[in-house]
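Descriptive structure summary
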Amino acid sequence: MTNRLPWWMGGILLSGLLLLTFSIYGADRPIGASTYVPYFAGVIFDLDPDKYIYLKEVKNAGSWEGVMLFGSLVGGFVTSVFITKSFRISIMPTAWKKYKNKSVISRLIWSFIAGFIMIIGARLAGGCTSGHFMSGMSQLAISSMIFGTVVIISLLITGRYFYDTKKDK
Amino acid sequence: MDIVVVTEGKDLCSRVVQMMENVIHQGHGSLVLVFLIGIIFGGIIQYTRVDKFEKIAGFAMLKDTIVPKMLFLTVGLTSIGLYFMIEAGWAHYHIKPIIWQGLIIGGILFGISMAILGKCPGTGPVSIAEGRIDVLVGAIGGLFGGLVFTLYYDDFFKPLMGESLGKLTLLDFFKGHENLVVLIFGIVVTAVAILIPKVELFDEADLSKLPDEARPDKK
């Protein structure tokens with residue numbers, strides 16, 4: 001048993017899962033993974049759903065993705081313990097240490113900020129890597145192609161200037 | 001037959017139960033199926049290791065191309081499969097609207113944060129499940145992002161997103177040639193996935209736990 005699946009196997013499996021989710025015998029909807037965040041914010045901070053229009057808009061999609069998220073936590077945990085053997089508690093990614101800095105505080109502060117603007121960005125665009133890039137482009141949606149192009153450009157520019165990419169050995 | 005559970009409470013637990021009830025009643029698959037889709041999704045993400053910081057941040061630095069290769073392959077294969085399923089009446093399109101400002105501002109913010117956090121909202125939870133505390137902090141940041149978005153949606157974010165220009169797909173520009181367009185799109189995107197050169201950035205901390213013959217970097 002290998003501990004890693006190759007990228008092409010991952011692509012085939014994800015495609016199969018996506019088609020199952022789309023089909024009327026499955027869930028008859030795309031896979032998405034960012035609407036659950038404002039939904040959870042509503043649940044955790046006890047916001048009144050009658051008062052905030054946005055909570056009403058995301059009620060169905062948010063709860064669907066919320067249940068899916070619980071599943072992916074379980075799936076990720078079980079796979080990491082029994083198959084990839086990658087489960088361990090850690091704070092600092094190896095590549096951050098190498099290409100950015102060795103400060104834990106810096107990593108945590110940047111993580112918090114990045115998480116914050118990531119959700120704002122995803123909700124402004126109406127989707128994330130799963131909802132727009134994967135599900136949206138599979139439907140040949142123009143909106144998802146615009147989003148995908150902007151994200152890749154922005155990702156590559158940030159990677160180029162945020163990290164010290166020349167620090168190879 | 002409707003299943004009715006009493007979920008009138010106001011505490012956190014009953015709000016979570018209400019979430020499950022929403023899923024049961026919205027007709028997008030049973031609760032078990034949705035949960036199962038999540039398990040498989042998390043399993044695939046974990047098994048292919050694309051939840052690692054080195055994969056997305058590595059792509060941002062152009063030191064790893066596994067994520068784009070896998071994503072493009074998924075899109076290429078799904079686009080063709082989905083089109084035939086829709087033609088057969090087994091599925092429907094669920095298109096997101098074109099909202100220029102939202103897509104561009106949102107895309108820029110999303111790209112920046114993906115490069116810094118090294119995760120996206122789908123892979124993040126999977127890496128929390130394998131014990132990454134920094135990503136958990138990122139998720140808490142995300143919750144506050146979701147809170148701020150909800151609180152200021154009407155006054156700030158909705159006007160910022162701009163007007164919707166409708167739900168267009170590539171097919172709308174090529175009326176009458178739908179089959180051909182889908183086929184070409186699917187093949188081109190799949191070819192892109194295969195043609196992107198494969199570079200990988202490995203994490204010694206993970207690989208050191210594997211026996212030598214199982215290490216992908218020593219093959």
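The structure under discussion appears in the preceding block.
Residues numbered from 1 in each chain as written. Chains lettered and ligands numbered in written order. Predicted model: local features only at pLDDT ≥ 70, side-chain atom pairs only at ≥ 80, totals over all residues. Heavy atoms only, no water.

Here Arg132 of chain B is to be found in the loop between helix 6 (123–129) and helix 7 (133–151). According to the relative accessible area criterion, Arg132 of chain B is buried, its value standing at 7%. Look past the residues within four positions of Arg132 of chain B in its chain and what remains in contact with it is Ser86, Arg88 and Ser90 of chain A together with Lys52, Ser127 and Asp206 of chain B. (Helix = DSSP H or I, 4+ residues; strand = E, 2+ residues; numbered from the N terminus. Buried < 20%, exposed > 50% of the residue type's maximum accessible area, 1.4 Å probe, protein only. Contact = heavy atoms within 4.5 Å.)

Moving on: the pattern of salt bridges. Applying the stated criterion across every chain yields a total of 13 salt bridges over all chains. We note a salt bridge from Asp46 of chain A to Arg15 of chain B, for which the minimum N-O separation is 3.1 Å. Of this pair, Asp46 of chain A sits in the loop between helix 2 (36–44) and helix 3 (53–57) while Arg15 of chain B sits in helix 1 (residues 12–25), on two different chains. Across the pair Glu54 of chain B and Lys52 of chain B runs a salt bridge, and its minimum N-O distance is 3.9 Å. Each of the two residues, Glu54 of chain B as well as Lys52 of chain B, counts as buried. (Salt bridge = Lys/Arg side-chain N within 4 Å of Asp/Glu carboxyl O.)

This part takes up the nonpolar core. Within the largest apolar cluster, 101 residues are counted, with the highest numbers of intra-cluster contacts made by Leu140 and Tyr163 of chain A together with Ile37, Phe41, Phe110 and Phe149 of chain B. Top contributing element to this core by residue count: helix 4 (residues 66–87) of chain B, with eleven residues. Setting aside residues up to four positions removed in sequence, Phe41 of chain B forms contacts with Leu14, Leu17, Ile31, Met68, Ser72, Ser130 and Met134 of chain A together with Gly122 of chain B. (Core = buried A, V, L, I, M, F, W, Y, C linked by side-chain atoms within 4.5 Å.)

Every contact between the two is made by 128 residues of chain A and, on the other side, 131 residues of chain B. Carbon and sulfur atoms make up 75% of the surface buried where chain A meets chain B, a total of about 11800 Å² over both sides. Our count for the chain A to chain B interface comes out at three salt bridges. If you look at where chain A meets chain B, you find 43 residue pairs in polar contact (both at pLDDT 80 or more). Elements with a minimum of two residues in the side of chain A that touches chain B: helix 1 (7–22), helix 2, helix 3, helix 4 (59–82), helix 5 (94–99), helix 6 (104–125), helix 7 (129–138) and helix 8 (142–162) of chain A. The dominant element in the side of chain A that touches chain B, judged by the number of residues it contributes, is helix 4 of chain A, at 19 residues. Class assignment for the residues of the side of chain A that touches chain B results in 78 nonpolar, 38 polar and twelve charged. (Buried area = accessible area lost by both parts, 1.4 Å probe. Polar contact = N/O pair within 3.5 Å; in protein donor to acceptor, adjacent residues only side chain to side chain. Nonpolar A, V, L, I, M, F, W, Y, C, P; charged D, E, K, R; others polar.)

Evaluation of the coordinates by the stated rule reveals four cavities of 30 Å³ or more. One number sums up the size of the largest cavity: a volume of about 190 Å³. Thr129 of chain A together with Ile45, Val50, Leu71 and Thr123 of chain B are the residues nearest the centre of the largest cavity, which is lined by 15 residues in total. At the level of secondary structure, the elements contributing two or more residues to the lining of the largest cavity comprise helix 7 of chain A together with helix 2 (31–47) and helix 4 of chain B. In this structure, the second largest cavity encloses a volume near 140 Å³. Along its surface, the second largest cavity is lined by 15 residues, and Phe133 and Ile152 of chain A together with Phe59, Leu71 and Met114 of chain B are the ones closest to its centre. Looking at the lining of the second largest cavity, the elements that each hand over two or more residues are helix 7 and helix 8 of chain A together with helix 3 (53–60), helix 4 and helix 5 (100–117) of chain B. Of the residues belonging to the lining of the second largest cavity, the class tally is 14 nonpolar, one polar and no charged. (1 Å grid on protein atoms, 1.4 Å probe; cavity = no way out; pocket = protein on both sides within 12 Å on 5 of 7 lines; lining within 4 Å. Points joined across faces, edges and corners; volume = space filled by probe spheres on them.)

Turning our eyes to something else, we now look at helix 6 of chain A. All names here are of chain A. Over its 22 residues, helix 6 runs 31 Å from end to end, which matches the ideal 32 Å to within 8%, given 1.5 Å per residue. Near the N-terminus of helix 6, the side chain that reaches the backbone nitrogen of Ile105, with its oxygen 3.4 Å away, is that of Ser103. Positioned one or two residues after helix 6, Gly126 has a phi angle of 85 degrees, which is positive. (Expected span 1.5 Å × (residues − 1).)

It is worth spelling out the environment of Ile31 of chain A at this point. As for its placement among the helices and strands, Ile31 of chain A is situated in the loop between helix 1 and helix 2. Sequence separation of Ile31 of chain A and Ala41 of chain A is ten residues, and the distance between their C-alpha atoms is 20 Å. Ignoring sequence-local partners within four residues, the contact set of Ile31 of chain A consists of Leu17, Leu18, Thr21, Met68, Ser130, Gly131 and Ser135 of chain A together with Ile37 and Phe41 of chain B.

A few words on the layout of surface pockets. Here the largest pocket defines a volume of roughly 800 Å³. For the largest pocket, the lining is made up of 33 residues, of which Arg123 and Gly126 of chain A together with Ile95, Lys96 and Pro97 of chain B are closest to its centre. Listed by contribution, the elements that provide at least two residues to the lining of the largest pocket are helix 3, helix 4, helix 6 and helix 7 of chain A together with helix 8 (153–161) of chain B. Considered class by class, the residues forming the lining of the largest pocket number 13 nonpolar, 13 polar and seven charged.

Scanning the model with the defined rule gives 19 aromatic pairs over all chains in all. Ring geometry for Tyr36 of chain A versus Phe40 of chain A: centroids 5.6 Å apart, planes at 65 degrees, classification edge-to-face. You can see Tyr36 of chain A and its partner Phe40 of chain A sitting in helix 2, four residues apart, about one turn around the helix. Like Phe40 of chain A, Tyr36 of chain A is buried. Pairing Phe45 of chain A with Phe144 of chain B gives two aromatic rings, centres 5.4 Å apart and planes at 50 degrees, and the pair type is tilted. Of this pair, Phe45 of chain A sits in the loop between helix 2 and helix 3 while Phe144 of chain B sits in helix 7, which puts the two residues in different chains. (Phe/Tyr/Trp six-rings, centres within 6.5 Å; stacked < 30°, edge-to-face > 60°.)

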